[in-house]
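# Structural features, examined
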Amino acid sequence: MTNFDYLEKEPSDKNVVNTMRDLIVYYSLEGNTQYVAEKLAEQLGAEVLRLVPKKAYSDKGFAKFFWGGKSAVMGEKPELEAYSADLAQFDRVIFGTPVWAATFTPPLRTFITEQADKLAGKKFAAFACQGGSGAEKTFKKLAKLIGIDAFSKTAVFNEPKAKWTVAKDTQIEEFGRELLAGRYE
Ligand SMILES: Cc1cc2nc3c(=O)[nH]c(=O)nc-3n(C[C@H](O)[C@H](O)[C@H](O)COP(=O)(O)O)c2cc1C
């Protein structure tokens, strides 16, 4: 016991408060999902991994809906730009995806397939951005791919960046608080 022990205590006490480590893994074509991912990361003190397909999906006009929709419906697994994710460091993975043709986006399929072994036994939450509907189906399909019955927490955001309102930011914050509370469940 020295007089300086108290200096050591503070950081370790902080670690106790923040025991669960979160990784947010997302894909975003037009920035809505990215917007939510970055806000949540700040609120949770989480790490973020953005998935980037080697061959970018078109973000223009008919091609955007046609090729993206087809890729999602066909269950494609596009090759991803190299990423580093030491999944062993994280207790919970929070997936973020736009809804494409009522399902999740193909880069998540690639990631989950590549990392299946390392994802086993973790906690999972998810959020989806959509224009109209399909998020609930998206969560079901994503959970099935991961091999779980359901996510511990989910949230659906309707164009949170493209059609921004204060209420949508508040909704993101509320989900962040739910996720923080989920660390103790
Ligand atoms: C290929 C494609 C398919 C889509 N399918 C749906 C859909 O089934 N339901 C829906 O509500 N929105 C659909 N959308 C709209 C996106 O989900 C929505 O704009 C979302 O906010 C985009 O997220 P992002 O900006 O992160 O890419 C689709 C968009 C694209 C490009």
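Note that the structure is a prediction, hence the values are computed from the model and not measured.

Right, let's get into the overall build of the chain. In terms of helices and strands, the chain carries seven helices and five strands. The N-to-C order of helical and strand elements in the chain reads α-β-α-β-α-β-α-α-β-α-β-α. Relative to its full complement of 185 residues, the chain shows a buried share of 28%. Of the contacts formed within the chain by residues at least 6 apart in sequence, a portion of 80% connects residues at least 24 apart.

Here the focus is the nonpolar core. Judged by nonpolar contacts, the single largest core of 35 residues is most densely connected at Ile24, Val25, Leu40, Ile94, Phe95 and Ala126. Listed by contribution, the elements that provide at least two residues to this core are β1 (22-26), α2 (32-44), β3 (92-98), α4 (106-114), β4 (123-130), α6 (135-146), β5 (153-158) and α7 (166-182). Residues contacting valine 25, with those up to four places away along its chain left out, are Leu49, Leu51, Val93, Phe95 and Phe111.

When the terminal C-alpha atoms of α2 are compared, their 18 Å separation across 13 residues agrees well with the 18 Å that a helix rising 1.5 Å per residue should span. Burial in α2 covers these residues: Asn32, Thr33, Tyr35, Val36, Ala37, Leu40 and Leu44. Looking at the buried residues of α2, the elements they touch are β1, β2 (47-50), β3, β4, β5 and α7. Residue glycine 45 follows α2 closely and has a positive phi angle near 65°.

Along the chain, the position of glutamate 81 falls in the loop between α3 (61-73) and β3. For the pair glutamate 81 and arginine 50, spaced 31 residues apart in sequence, the C-alpha to C-alpha distance is 9.9 Å.

With that out of the way, let us pick up the site of the ligand. Residues in contact with the ligand amount to 23 residues; listed here are only the nearest, Glu30, Asn32, Thr33, Gly68 and Pro98. Sorting the residues of the shell around the ligand by element identifies α2, α3 and β4 as the ones contributing at least two each. At four residues, α3 tops the list of elements feeding residues into the shell around the ligand. A class-by-class count of the residues in the shell around the ligand yields eight nonpolar, twelve polar and three charged.

Another aspect to go through is unusual backbone geometry. Despite not being glycine, alanine 101 shows a phi value in the positive range, around 50°. Counting through the fold element by element, alanine 101 comes out in the loop between β3 and α4. For alanine 101, a count of 16 C-beta atoms within 10 Å gives the class partly exposed. Positive phi is not limited to glycine here, since glutamate 159 has a value of about 45°.

This next bit is on the environment of tyrosine 184. Mapping tyrosine 184 onto the fold places it in the segment after α7. Spatially, the C-alpha atom of tyrosine 184 lies 8.5 Å from that of methionine 20, the residues being 164 residues apart in sequence.

To continue, consider the pairing of β3. Looking along a regular strand, one sees the side chains alternate between the two faces of the sheet. Within β3, seven of the seven residues are buried, leaving the element largely enclosed by the surrounding structure. Of the two faces of β3, the one carrying Arg92, Ile94, Gly96 and Pro98 and the one carrying Val93, Phe95 and Thr97 are both buried. Pairing of β1 with β3, which is carried by five bridges, proceeds in the parallel orientation. What sits directly across from valine 25, in β3, is phenylalanine 95.

A word on the confidence of the model for the chain. Per-residue confidence for the chain averages 92 on the pLDDT scale, and 90% of its residues sit at or above 70. Ignoring residues within four places in sequence, the model shows residues 9-16, a span with pLDDT below 50, making zero contacts including any to other chains.

Where β4 meets β5, six bridges bridge the pair, whose relative direction is parallel. Within the sheet, the bridge partner assigned to glutamine 130 lies in β5 and is asparagine 158. Assessed by its sense of winding, the connection that carries the chain from β4 through α6 to β5 is right-handed.

Cut-offs used in this document
Per chain, the residues get numbers from 1 upward, laid out in the order the sequence is written. Side-chain atom pairs in this predicted model are given and counted only at pLDDT of 80 or more, local residue features only at pLDDT of at least 70, and totals for whole chains, interfaces and linings cover all residues. Helix and strand definitions follow DSSP, with helices as H or I runs of at least four residues and strands as E runs of at least two, each counted in order from the N terminus. Here exposure depends only on C-beta density: within 10 Å of a residue's C-beta, 20 or more other C-beta atoms make it buried, 12 or fewer make it exposed, and intermediate numbers make it partly exposed, the C-beta atoms being placed from the backbone. Residues are treated as contacting if the C-beta atoms built from their backbones sit within 7 Å of each other. Core membership is restricted to buried Ala, Val, Leu, Ile, Met, Phe, Trp, Tyr and Cys residues, and these are joined into a nonpolar core through C-beta atoms within 7 Å. Here, expected helix span is obtained from the residue count minus one, scaled by 1.5 Å. Near, for a residue, is defined by distance from a backbone-placed C-beta atom to a molecule or strand, with 6 Å as the limit that must not be exceeded. Note on residue categories: nonpolar means Ala, Val, Leu, Ile, Met, Phe, Trp, Tyr, Cys or Pro, charged means Asp, Glu, Lys or Arg, and polar means any other residue, Gly included. In this analysis, strands are considered paired if DSSP registers two or more bridges between them. On a scale of 0 to 100, pLDDT captures the predictor's confidence in every residue. Think of it like this: strands point away, you trace from the first strand over the helix to the second, and a clockwise trace means the crossover is right-handed.

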